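# Architecture and fold: a report
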Amino acid sequence: MLIFTKSLFTLKKENPNKENLPDNFSPAVLKKIQQARKNQPNTEELITNILSGDIGALSRAITLIESNNPNHFTEANAIIKACLPHANNSVRIGITGVPGVGKSTFIEAFGKHLTKLGKKIAVLTIDPSSSLSHGSILGDKTRMEELAKDPNAYVRPSASGDTVGGVARKTRETITLCEACGFDTVIIETVGVGQNEIAVHSMVDFFLLLNVTGTGDELQGIKKGIMEMADAIVINKADGDNIQKAVLAKAEMNNALHLFPAKKSGWIPVTLTCSSKTLEGINEVWETISNYIERTQNNTFFESKRAEQNEFWLMETIENQLKQDFFNNSEVQILLEKTKKAVQNNEYSPFAAAQLLVEKYFNTKT
Ligand SMILES: Nc1nc2c(ncn2[C@@H]2O[C@H](COP(=O)(O)OP(=O)(O)OP(=O)(O)O)[C@@H](O)[C@H]2O)c(=O)[nH]1
Ligand SMILES: [Mg+2]
């Protein structure tokens, strides 16, 4: 709709006589669109509205953060800067697990449980596969429609982007905005396919691995690194005929967890079973997380981990921005195309060519 609206504006601007507008296009509609544009809040208004808990303003600001249009960067940065002093007051929970394990169903059940306890929940999803498949493979399933209807919940589907780093940065900035908007619990869902867990792990306080039984070897398919990052492993779908198997899987997971070295947090990872359908065990998951937060706040790990994460994102962002600026540089782009061929044909060594390109880049800066 937005794209459609924009294109009509362009048409109207370029064609004052409307010859390129659709025949049945009404001037009244054009006026309405113009009015709606005029009524869009400016940066200051957006900030004030976010801080007063306005979901519409929050969504608009997130769209600005997600935009790849350089004109939006300054506005997005101003909003983040203004929101930062009001952020940081939430519990951030990362939830991962292989496709189909029940993450979305779990978050819906868990989120509703938390809103009943009086909490305000924001749910964000990271799905870098969407940039590869040009559209989310998760599709409608990520919508969590019931939770989205809850006035104390906000569900925002995946940011899109070309790189895990880019998507992760946008998600992290979105966390800041959600916190400033008054959400006290931020949940991040990510598909457990590898690369993106590290990014999520470095932006949350508590990392939960969701698993299911019934695959024979329960440990199969879960990367050791992901298990090692987990603060809790929850065996979902512990209902019906599956209950016994889930209890066995829980014991197996528990044994496996003991093989990992002790965590810096002093926390011993917990294994639980639950059903996102019958809601059995959902409360225990929240009790475990609350327990973790209380302990790590008492032993100061909570604060130091967040400080470490801030530093990590500083370094990540510098790296990403430099990369982006480099590859967007038109002179670099031209030279890169030529150089690629020379390198492919062994006329140039990759290292010498890289050096040449970097020099070119710096020359354009002076
Ligand atoms: N019996 C039972 N089925 C469940 C439970 N949780 C989820 N399911 C079912 O498992 C299927 C997958 O659930 P989703 O919540 O979409 O799983 P997901 O992990 O979010 O999947 P992706 O987003 O594709 O990675 C759905 O058919 C759910 O109804 C549960 O606790 N018990
Ligand atoms: Mg899902």
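See the structure printed just above.
Residues numbered from 1 in each chain as written. Chains lettered and ligands numbered in written order. Predicted model: local features only at pLDDT ≥ 70, side-chain atom pairs only at ≥ 80, totals over all residues.

## Here's the deal with helix α6 (residues 103-116)
As a reminder of what qualifies: Only DSSP runs of H or I with at least four residues qualify as helices, and only runs of E with at least two residues qualify as strands; both kinds are numbered from the N terminus onward. What a helix should span is 1.5 Å times the count of its residues minus one. A residue is called partly exposed when the number of other C-beta atoms within 10 Å of its own lies between 12 and 20, exposed at 12 or fewer, and buried at 20 or more, with C-beta atoms placed from the backbone.
Between the first and last C-alpha of α6 there are 20 Å, a value that for 14 residues agrees with the 20 Å anticipated at 1.5 Å per step. Most of α6 is tucked away, with ten of its 14 residues classed as buried. Within the span of α6, buried status applies to K103, S104, F106, I107, E108, A109, F110, G111, K112 and L114. Just downstream of α6 lies G118, where phi reads positive at about 95 degrees.

## Overview of the site of ligand 1
Formally: Using the backbone to place each C-beta atom, any residue with that atom within 6 Å of a molecule or strand is considered near it. When residue character is reported, Ala, Val, Leu, Ile, Met, Phe, Trp, Tyr, Cys and Pro are called nonpolar, Asp, Glu, Lys and Arg charged, and the others, Gly included, polar.
Looking at ligand 1, there are 18 residues lining it, with P99, G102, K103, S104 and T105 nearest. Looking at the shell around ligand 1, the element that brings in the most residues is α6, giving three residues. Within the shell around ligand 1, the residues separate by chemical class into four nonpolar, nine polar and five charged.

## Looking at unusual backbone geometry
A positive phi angle, near 85 degrees, is found at N88, a position not held by glycine. Tracing the backbone through its elements, the reader meets N88 in the loop between α5 (70-83) and β1 (91-97). Despite not being glycine, L279 shows a phi value in the positive range, around 75 degrees. Position of L279 relative to the elements: it lies in the loop between β7 (270-273) and α13 (282-298).

## Regarding the packing of helix α3 (residues 43-51) against α5
Selection criterion: Throughout, an axis means a line fitted to C-alpha atoms (over the contacting stretch in the case of helices), and angles, computed between N-to-C directions, take values from 0 to 180 degrees. Definitions for this section: a left-handed crossing has its near helix turned counterclockwise from the far helix by less than a right angle. A right-handed crossing has that turn clockwise. What counts as a contact is two residues whose backbone-derived C-beta atoms lie within 7 Å of each other.
Where α3 meets α5, the axes come as close as 10 Å, and the angle between the chain directions of the two elements is 35 degrees. Judged by the twist between their axes, the crossing of α3 over α5 is right-handed. Where α3 approaches α5, its residues T43, L46, I47 and I50 are matched on the opposing element by E75, A78, I79, A82 and C83.

## Structural notes on the packing of α6 against α13
In plain terms, the rule: Should an angle lie under 35 degrees it is considered roughly parallel, over 145 roughly antiparallel, and from 65 to 115 roughly perpendicular; all remaining angles are considered oblique.
It is at 10 Å that the axes of α6 and α13 come closest, and there the two elements cross at 70 degrees. In terms of axis orientation, α6 runs roughly perpendicular to α13. Crossing geometry of α6 relative to α13 is assigned as right-handed. Of α13, the residues touching α6 (which contributes A109, F110, H113 and L114) are I282, N283, V285 and W286. When its residues are assigned to classes, the contact of α6 with α13 shows six nonpolar, two polar and no charged.

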